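# Structural overview for review
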Protein chains: 2
Amino acid sequence: MDPHLLRTFVCVVRTRSFSDAAVRLGYTQSAVSQQIAALESDLGVSLLRRRPVAPTEAGRRLLEHAEPLLLRLDAARADVLRAARPSHRPAVLAVSPLALTPRLAGLLDGAGAIHTAGRDGVVAEVAAGRADLGVVDGLAAPSDPLDLPDVGPLATVRIAEQDLVVALPDGHPLAGRAGLRLGDLADALWLDAPGIAGLAHVRAVARVDGLRPGMVYHGCDVRTLLTLAAAGRGLVVLPASAELPRGLTGVPLTGPRLVHRIELVHAHLPPGPARDLAAALTRPGPG
Amino acid sequence: MDPHLLRTFVCVVRTRSFSDAAVRLGYTQSAVSQQIAALESDLGVSLLRRRPVAPTEAGRRLLEHAEPLLLRLDAARADVLRAARPSHRPAVLAVSPLALTPRLAGLLDGAGAIHTAGRDGVVAEVAAGRADLGVVDGLAAPSDPLDLPDVGPLATVRIAEQDLVVALPDGHPLAGRAGLRLGDLADALWLDAPGIAGLAHVRAVARVDGLRPGMVYHGCDVRTLLTLAAAGRGLVVLPASAELPRGLTGVPLTGPRLVHRIELVHAHLPPGPARDLAAALTRPGPG
DNA sequence: TCTGGTTACGTTCCACGTAAACATG
DNA sequence: CATGTTTACGTGGAACGTAACCAGA
């Protein structure tokens, strides 16, 4: 099970084509065919059905493993290189959409570049060394850590915690309330935004079932999400400090006891700009 | 970064010798030397210092990644094979020492073999397919899942939860108390038994610092551990139902709110004895 | 000097590309 | 029939073993 073969397997499944995978990976059709054949004969199992190309049951199992495996492989390489050749260039940051508060933005002196990704994406980028530091946000019980995907030996440090609000469009029957419990909203329509404030995440952390998913927003832009929410497309949970556009009111979430938590994620950092920035970001501050 | 090379790298570090690693892996000295050289030149980094053989900083980083990586690789192969060729032989169980209660033992009709390992070991065996089902125990907040190492897509299901006691040797000043808080025992001497009731685990779950480690017991035999405890070698946290030998009294742990939790761990199971046994074990029961 | 890792070199085998054969919609 | 995967075959390179070399305790 050479990672090389896993890589092409993943690519073939993604593109649903041997030939397309071949051009992407810089091989010939034939080579890809042989690589898949090698994998199948190594495992003694058929992984793909051809024409149309689709994974078998065994192939699906392999696929589940292959991506994290390749990610960890990148993570290993990145960690080794970082340890051997400390970088003295400005740090690269990856942040999840609701993670960068104004206070944090004011501390980014050692940062050279910054970009946004979903929560798991940020962790993956840090692990693979494409970012030096990650700032991720999510829901958790007070003083509980976020449960992030395990992609290797990463340090996670609390940066901040704050209360939550439910963003309700003006005119919503509950918009006048002083506080809300999630249970009150089980039957309401929710906006599902994986990567910003995924419903699955809310359910898992709050141990509440039956938040009805309305529309799904695939993307990382909070403004777009809030515009949808203001137009009555569904409810969203946000940190209390979030600035809401006109048309939305934030009602404090009083139960279950949850907070919006921001954490810094990084690998073992040798001395340098990245480590300095990490230290600055985790110095205690308000919020 | 061929897994093959990672494997020999790990072996070389473990044995602290190229030649010993070579015989273990069935290579010549020379081949091992070349493999390590290949790894180092691929990464562009020195991984080992020779004579004596010891990992460099970069090598240590790689080592941290290599073992979980190889484990996941085994897990992937196991999952694929399981999906392709469902087994109809009796299930193989791996259990952590305090996980097998009498009630569970009574349900093991579909089981063909059973063996003990530390908590992480059980998870690893299940992931790698050396066991079909794992029964693991640990401390957790009530109705919280155990935090097990992430070695792939494994299902974990609650089997049981019960209260905790601190096992105190007769004559211990606190042995007469009706209940104890962990804070009362911060200064006491504790027995550290990684794999049964690791102190690190207690600290992490309870968020308590400063449980002083006395003696460390490396092993999986509860009786041995309790014999040490009875002899005053240190304190241990146990599930309330544990039968204590003479000389030990169990005092209920009243705070922080923690329970002894037992979970079933398994990979995606095709129909067969293993799946049936899993169903039987997770049918609700007392305790 | 002896133990143990490295380097040189020859052989084998594996992986890829080219091109022809083949299957399927 | 056309598109796209497999198979056949030849070549280059990678990986290993043997054996000579070299460095450190």
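Everything numeric in this text was worked out from a predicted model, so none of it was measured. (Residues numbered from 1 in each chain as written. Chains lettered and ligands numbered in written order. Predicted model: local features only at pLDDT ≥ 70, side-chain atom pairs only at ≥ 80, totals over all residues. Heavy atoms only, no water.)

## Comments concerning the pairing of strand β7 (residues 164–169) of chain A
Residues and elements named next belong to chain A. Along β7, six of the six residues are buried, which leaves the element largely enclosed by surrounding structure. In terms of strand pairing, β7 meets strand β11 (residues 236–239) through four bridges, oriented antiparallel. Bridge pairing in β11 places V165 opposite L238. Relative to strand β12 (residues 248–255), β7 runs antiparallel, the two being bridged by five bridges. The residue bridging A167 from the neighbouring strand is G250, located in β12. (Buried < 20%, exposed > 50% of the residue type's maximum accessible area, 1.4 Å probe, protein only. Helix = DSSP H or I, 4+ residues; strand = E, 2+ residues; numbered from the N terminus. Pairing = 2+ DSSP bridges.)

## Some points on the side chain of A:T101
All names here are of chain A. Examined against the element boundaries, T101 turns out to sit in the loop between β3 (91–95) and α5 (102–105). When its relative accessible area of 16% is taken as the criterion, T101 is described as buried. The residues contacting T101, other than those within four sequence positions of it, are Q162 and I262. (Contact = heavy atoms within 4.5 Å.)

## Here's the deal with the sheet that holds strand β13 (residues 259–266) of chain A
All names here are of chain A. With respect to topology, five strands assemble into an open sheet ordered β4-β3-β5-β13-β6, the strand pairing being mixed. Since the sheet does not close on itself, it has two edges, and those belong to β4 (111–116) and β6 (155–162), each with one partner. Averaged over all neighbouring strand pairs, the angle between strand axes comes to 25 degrees, with direction disregarded. Sheet topology note: the strand β5 (residues 133–140)/β13 ladder contains seven bridges and is antiparallel. From the neighbouring strand, G138 faces β13, where its bridge partner is R261. Contacts between helix α6 (residues 119–127) and the sheet are confined to β3, β4, β5 and β13, with β5 contributing the most and set at about 150 degrees to the helix. (Axes fitted to C-alpha atoms, helices over the stretch in contact; angles between N-to-C directions.)

## Regarding the interface of chain A and chain B
Between chain A and chain B, the contact holds 35 residues from the first and 35 residues from the second. Both faces considered, chain A and chain B share a buried interface measuring about 3100 Å² in area, 63% of it formed by carbon and sulfur atoms. Linking chain A to chain B there are two salt bridges. A salt bridge links B:D42 to A:R77; the nearest nitrogen and oxygen atoms lie 2.8 Å apart. Counting across the chain A and chain B interface gives eight residue pairs in polar contact (both at pLDDT 80 or more). Of all the secondary structure elements, the ones that give two or more residues to the side of chain A that touches chain B are α1 (3–15), α3 (29–43) and α4 (57–84) of chain A. Top element by residues in the side of chain A that touches chain B is α4(A). It accounts for 18 residues. (Buried area = accessible area lost by both parts, 1.4 Å probe. Salt bridge = Lys/Arg side-chain N within 4 Å of Asp/Glu carboxyl O. Polar contact = N/O pair within 3.5 Å; in protein donor to acceptor, adjacent residues only side chain to side chain.)

## Quick word on α1(A)
Residues and elements named next belong to chain A. Here α1 spans 18 Å end to end across 13 residues, near enough to the 18 Å set by a 1.5 Å rise per residue. Buried residues dominate α1, accounting for ten of its 13 residues. Of all the residues in α1, the buried ones are P3, L5, L6, T8, F9, V10, C11, V12, V13 and T15. Between a side-chain oxygen at the N-terminus of α1 and the backbone nitrogen of H4 the separation is 2.9 Å; the capping residue is D2. Positioned one or two residues after α1, R16 has a phi angle of 55 degrees, which is positive. (Expected span 1.5 Å × (residues − 1).)

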